[in-house]
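Below, each chain spelled out in residue letters.
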There are 2 protein chains.
Amino acid sequence: MTVEVKRDDSQWFTERADEAGMGLQLRIRGKLHEEQSDYQRIEIYDTEAFGHLMVIDGFVMLTERDNFVYHEMMSHPVLFTHPNPRRVVIIGGGDCGTLREVLRHPGVEEVVQVDIDERVTRLSEQYFPELCEANDDPRARLLFDDGVAWMGNAADASADVIIVDSTDPVGPGEGLFNRAFYAQCCRVLDEGGLLVQQSESPLLHMDLIQSMRQAMIDSGFTACHSLQFPLPTYPSGWWSATMASKGEGFEGFREADAAARPFQTRYYSVEVHQGALAMPPFFLRATGQKPL
Amino acid sequence: MTVEVKRDDSQWFTERADEAGMGLQLRIRGKLHEEQSDYQRIEIYDTEAFGHLMVIDGFVMLTERDNFVYHEMMSHPVLFTHPNPRRVVIIGGGDCGTLREVLRHPGVEEVVQVDIDERVTRLSEQYFPELCEANDDPRARLLFDDGVAWMGNAADASADVIIVDSTDPVGPGEGLFNRAFYAQCCRVLDEGGLLVQQSESPLLHMDLIQSMRQAMIDSGFTACHSLQFPLPTYPSGWWSATMASKGEGFEGFREADAAARPFQTRYYSVEVHQGALAMPPFFLRATGQKPL
């Protein structure tokens, strides 16, 4: 990434995805914070049009303006697909935006969030306070620990839903995209349990998506299904998440519960949920995914 | 827009959407062509990862890699919603990608395409030949004329579907986003006729979408409905099209015909069509659109 001042005095943050031959620029007013934590370099910028921006190791993590799409789509589809999600584990997710969405579900009794880097959460409390407004919920337990190690030590059949809300598969997030980790997740999930993980861009990262899906199946999950949503500040603006099922699959969408959800959403709805599950033909051909 | 050479000798094309505070970069190998036509500045670049790129007046028009999403979504949803689209008019669309998709429908008997700038089509024939492979279809008539004037002279009730595949509402495309033009379209459409127009980004351009929808209703259409799709090389990577109906609305999706379509698609499918119609709650609240 770079930050440049243009001839008109405007300042621009650039994240260049070199392997994808594309880059994203956001106009900024200035840098609010930067530090090297024990695990990664964290920066916070004030942008002109996207509010606060968090950058980790040079990659956009989230902005105030568009994170709602990501956080809603990482939580509500999987939670409204599981028949009765009471015990939820979030691996990563240190900005706490996913946690907030999960806690909106009244049936959820316990959420354990395991992010390796406490500094991400502390900076989110400061610069993205709206995402952290549920952190004091008595059902939430925030741990700052290695997610792979934590999963290896967790009890069998102790979770209903696991949400892997991680950085990209380089750096600290690397161990969260492989068969050994998924096998542990599968063991920790109770009968009928579901996992969901962000799975990058359908346009740019088909290799990753294919290998992730294969690793999920190889590690004991019976089925997987990817879903899509827009994400303007991630490479290509087009993102995906992939669900893996320990049970029968993904036919159990609790549509009536989703329609009667006792909380407001900005992106998620019953219709959007169903639409997000409809991956395009090129994706189905590349992955073997069948329409639900 | 700018083209810069970086310290590592890489060359990058940048389109900056100043009003949106964001920009897109594409790595390029070089510029293949540039000219000032009678109407606009047209450039063709060879990109590293997105194939050929056409730029008009500094804005990305299309790339080889991702135009399929746009062209399929500008044509198939509206054509599979109209009960029997025989006569189609395309306003703009000079790259001929929408025309190709429309001509895949065996029931279409005649397509008139009216683009003001013949040079766009000639350059598309040269640099995007796959998009022009149906230009010699005897059902196609390519006119190079002013779309607003053409529509004003067209006969009443002479078209079933009008597709407005235009540039942004600045420059030559400006007259295509207002009530006077829509009133002419409404007159030219036969009973039950449908119009569809690209309507920019749901995240960035809500003002435009709202005023376009209002102008459609004010000009005589009975209903309008927006749909969404990803478009990685347009600002925010998240785009929309808005359909307007002269008839009953949009309940007539010919699902069985769409499922049995005698041509291959990469983005479009029955499920994707239905999903694209599901706009998110924030959009419904801002526009008053109801889920179908």
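Residues numbered from 1 in each chain as written. Chains lettered and ligands numbered in written order. Predicted model: local features only at pLDDT ≥ 70, side-chain atom pairs only at ≥ 80, totals over all residues. Heavy atoms only, no water.

(A) Looking closely at the sheet that holds strand β7 (residues 87–92) of chain B. All names here are of chain B. Here we have seven strands laid out as an open sheet, ordered β9-β8-β7-β10-β11-β13-β12, and mixed in their pairing. Only two strands of the sheet have a single partner each, and these edge strands are β9 (140–144) and β12 (223–230). The mean inter-strand angle of the sheet, taken between neighbouring strand axes irrespective of direction, is 15 degrees. Taken strand by strand, helix α1 (residues 67–79) contacts β7, β10 (159–165), β11 (189–198), β12 and β13 (238–245), and its axis lies near 160 degrees from that of β10. Docked against the sheet, helix α8 (residues 270–277) engages β12 and β13, running at close to 115 degrees with respect to β12. (Pairing = 2+ DSSP bridges. Helix = DSSP H or I, 4+ residues; strand = E, 2+ residues; numbered from the N terminus. Axes fitted to C-alpha atoms, helices over the stretch in contact; angles between N-to-C directions. Contact = heavy atoms within 4.5 Å.)

(B) Seen up close, the pattern of salt bridges. Residues and elements named next belong to chain A. A complete count under the given rule lists 34 salt bridges over all chains for this structure. Between arginine 86 and glutamate 109 there is a salt bridge, and its shortest N-O distance comes to 3.3 Å. Residue arginine 86 is found in the loop between α1 (67–79) and β7 (87–92), and its partner glutamate 109 is found in the loop between α2 (97–103) and β8 (110–115); the two are separated by 23 residues along the sequence. On the basis of relative accessible area, arginine 86 is assigned to the partly exposed category, the value being 29%. The exposure class assigned to glutamate 109 is partly exposed, which follows from its relative accessible area of 47%. A cluster of three or more residues bridged by salt bridges with shared partners is formed by Lys31, Glu34, Arg41 and Glu43. (Salt bridge = Lys/Arg side-chain N within 4 Å of Asp/Glu carboxyl O. Buried < 20%, exposed > 50% of the residue type's maximum accessible area, 1.4 Å probe, protein only.)

(C) How the structure looks around the UniProt feature "binding site: S-methyl-5'-thioadenosine" (unreviewed entry) in chain A. All names here are of chain A. As annotated by UniProt and renumbered to match this structure, "binding site: S-methyl-5'-thioadenosine" (unreviewed entry) occupies Gln40, Asp115, Asp146, Gly147 and Pro172. As for its position among the elements, aspartate 115 is in strand β8. Side-chain polar atoms of aspartate 115 contact the backbone nitrogen of aspartate 117, separated by 2.9 Å. Along the chain, aspartate 146 falls in the loop between β9 (140–144) and α4 (147–153). By relative accessible area, which is 30% here, aspartate 146 ends up partly exposed. Residue contacts for aspartate 146: discarding those within four places in its chain leaves Val114 and Ile116. Separated by 2.8 Å, the side chain of aspartate 146 and the backbone nitrogen of alanine 149 make a polar contact. (UniProt positions renumbered as here; feature names shortened; annotations may be inferred. Polar contact = N/O pair within 3.5 Å; in protein donor to acceptor, adjacent residues only side chain to side chain.)

(D) Representation of helix α6 (residues 206–218) of chain A within the structure. Residues and elements named next belong to chain A. Across its 13 residues, α6 extends 18 Å between first and last C-alpha, which sits within 8% of the 18 Å expected from 1.5 Å per residue. For α6, the full list of buried residues reads Met206, Leu208, Ile209, Met212, Arg213, Ala215 and Met216. Check the buried side of α6 and you find it contacts α5 (179–188), β11 (189–198), β12 (223–230), β13 (238–245) and α9 (281–287). One or two residues past the end of α6 sits glycine 220, with phi positive at roughly 120 degrees. (Expected span 1.5 Å × (residues − 1).)

(E) The arrangement of the interface of chain B and chain A in detail. Taken together, the contact between chain B and chain A spans 45 residues of the former and 45 residues of the latter. Where chain B abuts chain A, roughly 3,500 Å² becomes buried across the two surfaces, and 61% of that area is made up of carbon and sulfur atoms. Of all residues in chain B, Arg16, Gln25 and Leu203 of chain B bury the most surface against chain A, accounting for 15% of the area lost on that side. Inspection of the chain B/chain A interface yields zero salt bridges. Applying the counting rule to chain B against chain A returns 14 residue pairs in polar contact (both at pLDDT 80 or more). When residues of the side of chain B that touches chain A are traced back to their parent elements, those giving at least two are β2 (11–17), β3 (22–36), α1, β12, α8 and α9 (281–287) of chain B. Here strand β3 (residues 22–36) of chain A runs beside β3 of chain B; their pairing, made up of five bridges, is antiparallel. Among the inter-strand pairings, glycine 23 of chain A is bridged to a residue of β3 of chain B, identified as glutamine 25 of chain B. (Buried area = accessible area lost by both parts, 1.4 Å probe.)

(F) Representation of the pairing of β13 of chain B. All names here are of chain B. Counting buried residues in β13 gives eight out of eight residues, a clear majority hidden from the surface. Residues of β13 alternate between two faces, with Trp238, Ser240, Thr242 and Ala244 on one and Trp239, Ala241, Met243 and Ser245 on the opposite face, all of them buried. Bridging between β11 and β13 involves five bridges; their strand directions are antiparallel. Bridge pairing in β13 places leucine 194 opposite serine 245.

(G) How the structure looks around helix α3 (residues 118–127) of chain A. All names here are of chain A. The set of residues buried in α3 consists of Val120, Thr121, Leu123, Ser124 and Tyr127. One side of α3 carries all its buried residues, which in axial view fall inside an arc of 165 degrees. Its buried side turned inward, α3 meets β3, β4 (41–47), β5 (52–56), β8 and β9. Two to three positions downstream of the cap, the backbone nitrogen of arginine 119 sits 3.0 Å from a side-chain oxygen, assigning the N-cap of α3 to aspartate 117. (Arc of directions from axis to C-beta.)

(H) Structural detail: the domain arrangement of chain A. Residues and elements named next belong to chain A. Assigned domains within chain A: domain 1 (3–62) and domain 2 (67–287). Relative to domain 2, the C-alpha centre of domain 1 lies at a distance of 25 Å. On the domain 2 side, the residues contacting the 25 residues of domain 1 number 22 residues. Buried area between domain 1 and domain 2, summed over both chains or domains, comes out near 2,000 Å², and the portion from carbon and sulfur atoms is 72%. Counting across the domain 1 and domain 2 interface gives one salt bridge. A salt bridge links arginine 119 to glutamate 35, with the shortest nitrogen-to-oxygen separation between them at 2.8 Å. Run the count over domain 1 and domain 2 and you get five residue pairs in polar contact (both at pLDDT 80 or more). At the level of secondary structure, the elements contributing two or more residues to the side of domain 1 that touches domain 2 comprise β2 (11–17), β3, β4, β5 and β6 (59–63). (Domains from an automatic or database assignment.)

(I) Summary view of the pairing of β3 of chain A. Residues and elements named next belong to chain A. Pairing between β2 and β3: seven bridges, direction antiparallel. By the bridge assignment for β3, tryptophan 12 is matched with arginine 27. Sheet topology places β3 next to β4; seven bridges connect them, and they run antiparallel. Within β4, the position partnered with glutamate 34 by the bridge is glutamate 43.

(J) Seen up close, the packing of aromatic side chains. In this structure the tally under the stated criterion is 20 aromatic pairs over all chains. With 6.5 Å between their ring centres and 15 degrees between their planes, phenylalanine 80 of chain A and phenylalanine 263 of chain A make a pair best called stacked. With phenylalanine 80 of chain A in the loop between α1 and β7 and phenylalanine 263 of chain A in the loop between α7 (255–259) and α8 (270–277), this residue pair connects regions lying 183 residues apart in the sequence. As far as burial versus exposure is concerned, phenylalanine 80 of chain A and phenylalanine 263 of chain A are alike and both buried. Ring geometry for phenylalanine 282 of chain A and phenylalanine 68 of chain B: centres 5.7 Å apart, planes at 85 degrees, overall edge-to-face. With one member in each of two chains, phenylalanine 282 of chain A in helix α9 and phenylalanine 68 of chain B in helix α1 form a pair that bridges those chains. The class of phenylalanine 282 of chain A is buried, set by a relative accessible area of 16%. (Phe/Tyr/Trp six-rings, centres within 6.5 Å; stacked < 30°, edge-to-face > 60°.)

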